[in-house]
Amino acid sequence: MAKRGSTPAKRVKKSTAGTSKTSLRPKSPLLAKDTRNGAPAVSRAPAPATGKQFLSDKVGRFTESVIREMTRQAMLHNAVNLAQGFPDFSAPAEIKQAAQQAVAADVNQYAITWGAKNLRNAIARQMGVWQGLTVDPEREITVCCGSTEAMISTLLAVCNAGDEVVIFEPFYENYGPDSVLSGAKPKFVKLRPPASDGGEWTFDEKELRRAFDKHTKAIILNTPNNPTGKVFTRRELELIRDLCVEFDVLAITDEIYEHILYEGTEHIAMVTLDGMRERTVTINGMSKTYSVTGWRVGWAVAPEKITNAIRKVHDFLTVGAPAPLQEAGAMALSLPAEYYAKLAEGYRVRRDHLMPALTAAGFKCFRPRGAYYVMTDISAFGFKDDVSFAKYLVQEIGVACVPGSSFYRDPRDGARQVRFAFCKKPETLDEAGRRLARLAR
Ligand SMILES: Cc1ncc(COP(=O)(O)O)c(C=O)c1O
């Protein structure tokens, strides 16, 4: 591994000198050092003559998505995109057919704003099958434009300025800007990487307790977790539940990887725990389970009063999710149990395909228990930080990853980490492996 321990700064410098393709666009969030998502920094342009600011303070407090930016970088440099979490393989034929049929049958106008009846019925039915829960599709479900919209609609519906929201970090980067937009103040609790191979990401119970107080409105919980692959255990969930009950706090759970689990790991929905039915908003969607991230269909399941508030926000944000794709969603949710078993097994194979290539190239991998990402430690490469490493990787090695700092409030916490997505065809992972092998030479 000749290059490790050599001077990476030199390598990066060499790699960026004298070529037109190399520099990131000036507006790249990768270069926006003073605006961390969710952090209180405010960047203002010089005031015009009137003194009026045309941009809101809110937009100064977060950057564009680094994950989405890395996809643009991958396209620019013709790199293998292991950055953004979207499959490069086909969605199931049956559900594509259902979408085509819905368009042909002229399901082309607005659906009911809070979701097509067929889809809400299917969601309620499957929550019964998967979680053993009785959900009222008329009063407790809101279909949104992806779980992304379900999350921001929920936060806008429940948060007042100054309310605090507890978030485990590293966190899926949307939660930072979501908090800013809803006026909530994020309070971060650390997930610590496993000390040994095969260990779990853990949190300090005392640190979690300290994050709760009378200002806490909600905790955002993502399990199975992006980016760590952690699947919260029943014991951990019960601990969180006890705090939610003690401090009268809502749990907003992002469960979009609920079917992507490895080695018999169990997904436990927070809403099923005693005392949580009335204080949980469960968010899910079609993107990951059915490999249709571009369809933009997701949902929030919540008690009636909270659902009414989410529906109001959702109606004025987007009116509704794409009507024909909601019909296809109803069909997707009726796929048999084997579909989900195959989905998880397919991702286990992909995980076990990519991880050895990463290890051989010099990464330390944190083995995920769920979702389709591998968090890695890049200390062995000797780079200044994750951003310079990610730039080198996309520009010179031809593989796009996500710099770890985009998952933390303080970029220093992610400076030794990058994330790879393995929701890709075997040949894509092979090509990435071939390119990554150059790191070890
Ligand atoms: C944890 C998490 N939540 C939400 C999303 C976005 O989901 P959707 O496509 O339903 O908006 C992603 C996408 O990567 C994610 O990783």
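In what follows, the structure referred to is the one given above.
Criteria and thresholds
Residues numbered from 1 in each chain as written. Predicted model: local features only at pLDDT ≥ 70, side-chain atom pairs only at ≥ 80, totals over all residues. Heavy atoms only, no water. Helix = DSSP H or I, 4+ residues; strand = E, 2+ residues; numbered from the N terminus. Buried < 20%, exposed > 50% of the residue type's maximum accessible area, 1.4 Å probe, protein only. Contact = heavy atoms within 4.5 Å. Areas by Shrake-Rupley, 256 points an atom, 1.4 Å probe, with all protein chains shown as cover. Pairing = 2+ DSSP bridges. Near = heavy atom within 4 Å. Polar contact = N/O pair within 3.5 Å; in protein donor to acceptor, adjacent residues only side chain to side chain. Axes fitted to C-alpha atoms, helices over the stretch in contact; angles between N-to-C directions. Salt bridge = Lys/Arg side-chain N within 4 Å of Asp/Glu carboxyl O. Phe/Tyr/Trp six-rings, centres within 6.5 Å; stacked < 30°, edge-to-face > 60°. Expected span 1.5 Å × (residues − 1). Arc of directions from axis to C-beta.

Q: Kindly report on the overall build of the protein chain, identifying the contributing residues and their values.
A: Scanning the protein chain from terminus to terminus reveals 13 helices and 13 strands. Taken across its 441 residues, the protein chain has 57% of its residues classed as buried. Pairs at least 24 residues apart make up 75% of the contacts formed inside the protein chain by residues separated by at least 6 positions. Summed over all atoms, the accessible surface of the protein chain reaches about 18,700 Å², with 55% contributed by carbon and sulfur.

Q: Please set out the pairing of strand β7 (residues 280-285) residue by residue, giving values where relevant.
A: Where burial is concerned, most of β7 is hidden: 6 out of the 6 residues are buried. Of the two faces of β7, the one carrying Thr 280, Thr 282 and Asn 284 and the one carrying Val 281, Ile 283 and Gly 285 are both buried. Taken together, the 4 bridges between strand β6 (residues 250-254) and β7 define a ladder with parallel strand orientation. The residue of β7 that forms the bridge with Thr 253 is Thr 282.

Q: Go over the site of the ligand, please, and point to the residues and values.
A: Residues in close proximity to the ligand total 14 residues, the closest being Thr 148, Asn 226, Asp 254, Tyr 257 and Ser 287. Taking Lys 288, its side chain carries an N or O atom lying 2.7 Å from an oxygen atom of the ligand. One nitrogen or oxygen atom from the side chain of Tyr 373 is found 3.5 Å from an oxygen atom belonging to the ligand. A total of 400 Å² of accessible area belongs to the ligand in isolation, and the protein chains cover 93% of it. With 3 residues, the single largest contributor to the shell around the ligand is helix α5 (residues 146-158).

Q: Which residues make up the sheet that holds strand β9 (residues 364-366), and what values do they have?
A: Working definition: the strands of a sheet are paired by backbone hydrogen bonds and lie parallel or antiparallel to each other. In spatial order, the strands read β9-β10-β13-β12; together these 4 strands make up an open sheet with antiparallel pairing. At either margin of the open sheet sits one strand with a lone partner, and together these are β9 and β12 (402-403). Judged from the 2 bridges that link them, β12 and strand β13 (residues 417-421) form a sheet pairing that is antiparallel. Directly across from Pro 403, in β13, lies its bridge partner Val 418. Along the sheet, helix α11 (residues 337-361) makes contact with β9, β10 (373-377) and β13, crossing β10 at roughly 15 degrees.

Q: Tell me about the pattern of salt bridges, and please be specific about residues and values.
A: Taken as a whole, this structure holds 31 salt bridges when the rule is applied. With a closest N to O distance of 2.6 Å, Glu 205 and Arg 235 form a salt bridge. Within this pair, whereas Glu 205 is found in helix α7 (residues 205-211), its partner Arg 235 is found in helix α8 (residues 234-246), the two being separated by 30 residues in sequence. Residue classification places Glu 205 among the partly exposed positions, given a relative accessible area of 35%. Between Arg 279 and Asp 248 there is a salt bridge, with the nearest N and O atoms lying 3.1 Å from each other. In this pair, Arg 279 is assigned in the loop between β6 and β7 and Asp 248 in the loop between α8 and β6, connecting sequence segments 31 residues apart. Given a relative accessible area of 17%, Arg 279 falls into the buried group. A relative accessible area of 57% places Asp 248 in the exposed class.

Q: Lay out unusual backbone geometry in plain terms, naming residues and giving numbers.
A: Cis peptide bonds are those with omega within 30 degrees of zero, and the linkage from Thr 223 to Pro 224 qualifies with -10 degrees. Within the fold, Pro 224 resides in the loop between β5 (216-222) and α8. A cis amide bond links Asn 226 with the next residue in sequence, Pro 227, at an omega value of 15 degrees. Tracing the sequence through the fold places Pro 227 in the loop between β5 and α8.

Q: Quick one: what's the story with the packing of aromatic side chains, residue by residue and with numbers?
A: Within this structure, the stated rule accounts for 23 aromatic pairs. The interplanar angle of 75 degrees and the centroid separation of 5.3 Å between the aromatic rings of Trp 201 and Phe 366 together place this pair among those described as edge-to-face. One end of the pair, Trp 201, is in the loop between β4 (185-190) and α7; the other, Phe 366, is in strand β9, with 165 residues separating them in the sequence. The burial state of Trp 201 is the same as that of Phe 366; both residues are buried.

Q: So, helix α3 (residues 93-104): which residues are in play, and what are the values?
A: Taking 1.5 Å per residue, 12 residues should reach 16 Å; α3 reaches 16 Å between its end C-alpha atoms and fits that length. Looking at α3, one finds that the buried residues are Ile 95, Ala 98, Ala 99 and Ala 102. End-on, the buried residues of α3 take up no more than an arc of 100 degrees, which puts them together on one face. In α3, the exposed positions that point more than 90 degrees away from the buried face belong to Ala 93, Gln 100, Gln 101 and Ala 104. Of the surrounding secondary structure, the elements contacted by the buried residues of α3 are α10 (323-332). Among the residues trailing α3, Asp 106 stands out with phi positive, at a value near 65 degrees.

Q: Requested: an account of the pairing of strand β8 (residues 298-301), with residues and values cited.
A: Residue alternation in β8 divides its side chains into two sets, Gly 298 and Ala 300 and Trp 299 and Val 301, and both sets are buried. Note: strand β2 (residues 141-144) against β8, 4 bridges, orientation antiparallel. Residue Ile 141 lies in a different strand from β8, and its bridge partner there is Val 301. Here 4 bridges tie β7 to β8, and the two strands are oriented antiparallel to one another. Bridging from a neighbouring strand, Gly 285 pairs with Gly 298 of β8.

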